[in-house]
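# Examination of the molecular architecture
Residue strings, one per chain:
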Amino acid sequence: MATATIRKPASFRLRTDLLERMKLNAARENRTLNNYVESVLLNVIYDEPNEMPKAAIEEAISGKNPNKVYSSVDEMFDDILNEE
């Protein structure tokens, strides 16, 4: 049995240029403004990175390998995949 999603009206003050851009994006995707805004917010709120990006974020914050430079993408991936 499907459960209904409860929605509550909300009001926001937005910059006019931002609102116009959102309206254009919604129209381009043939969606209502409400549906477009809700999906953008859902993507932002619930977008949880998997383990590889989390590890990369932690590595970047820690400063490990701050000056490592690769000559090719293959070299970079070989290095990443061979790390323990």
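Let us look at the overall build of the protein. Of regular secondary structure, the protein possesses four helices and zero strands. Ordered by position in the sequence, the α and β elements of the protein form the string α-α-α-α. For the protein, the C-alpha radius of gyration of 21 Å lies well beyond 12 Å, the compact-globule estimate for 84 residues. Seen through its C-alpha atoms, the protein measures out along the principal axes to roughly 50 × 40 × 25 Å. Buried positions account for 6% of the 84 residues belonging to the protein. As displayed, the protein offers around 8200 Å² of accessible surface, 56% of which is attributable to carbon and sulfur atoms.

Attention shifts here to the environment of Pro9. Following the sequence through the fold, Pro9 ends up in the segment before α1 (16-28). Note: C-alpha distance between Pro9 and Ile45 (36 residues apart in sequence) is 18 Å.

Positive phi, close to 55°, is recorded for Asn30, a residue that is not glycine. Structurally, the position occupied by Asn30 is in the loop between α1 and α2 (33-46).

Here the focus is the confidence of the model for the protein. With 95% of its residues at a pLDDT of 70 or more, the protein shows a mean pLDDT of 87. Looking over the protein, one finds the lowest element-wise mean pLDDT in helix α3 (residues 51-62), namely 78, and the highest in α1, namely 97.

It is worth spelling out the side chain of Asp79 at this point. Secondary-structure assignment places Asp79 in helix α4 (residues 73-82). A polar contact is formed between the side chain of Asp79 and the side chain of Tyr70, at a distance of 2.4 Å. Residues contacting Asp79, with those up to four places away along its chain left out, are Lys68 and Tyr70.

What follows is about the packing of α1 against α2. Here α1 crosses α2 at 100°, and the two axes come no closer than 9 Å. It follows that α1 is roughly perpendicular to α2 by the angle criterion. Note on element contacts: α2 touches α1 through Leu33, Tyr36 and Val37, opposite Leu19, Met22, Lys23, Asn25 and Ala26.

Mapped onto the elements of the fold, Leu33 is located in helix α2. Residues Leu33 and Glu20, 13 residues apart in the sequence, show an inter-C-alpha distance of 10 Å. With residues up to four places along the chain from it excluded, the contact list for Leu33 reads Leu19, Met22, Lys23 and Ala26.

Another point: a nonpolar patch on the surface. A cluster of nonpolar residues, Val40, Leu42, Val44, Ile45 and Tyr46, forms a patch on the protein surface that exposes about 540 Å² of accessible area. Position of Leu42 relative to the elements: it lies in helix α2. With a relative accessible area of 41%, Leu42 lands in the partly exposed category.

The rules behind the values
Residues numbered from 1 in each chain as written. Predicted model: local features only at pLDDT ≥ 70, side-chain atom pairs only at ≥ 80, totals over all residues. Heavy atoms only, no water. Helix = DSSP H or I, 4+ residues; strand = E, 2+ residues; numbered from the N terminus. Rg over C-alpha atoms; globule rule 2.2 N^0.38 Å. Buried < 20%, exposed > 50% of the residue type's maximum accessible area, 1.4 Å probe, protein only. Areas by Shrake-Rupley, 256 points an atom, 1.4 Å probe, with all protein chains shown as cover. pLDDT = per-residue confidence, 0-100. Polar contact = N/O pair within 3.5 Å; in protein donor to acceptor, adjacent residues only side chain to side chain. Contact = heavy atoms within 4.5 Å. Axes fitted to C-alpha atoms, helices over the stretch in contact; angles between N-to-C directions. Parallel < 35°, antiparallel > 145°, perpendicular 65-115°, else oblique. Patch = residues over 30% accessible without salt bridge, like charges linked within 9 Å, V, L, I, M, F, W, Y side chains within 5 Å. Salt bridge = Lys/Arg side-chain N within 4 Å of Asp/Glu carboxyl O.

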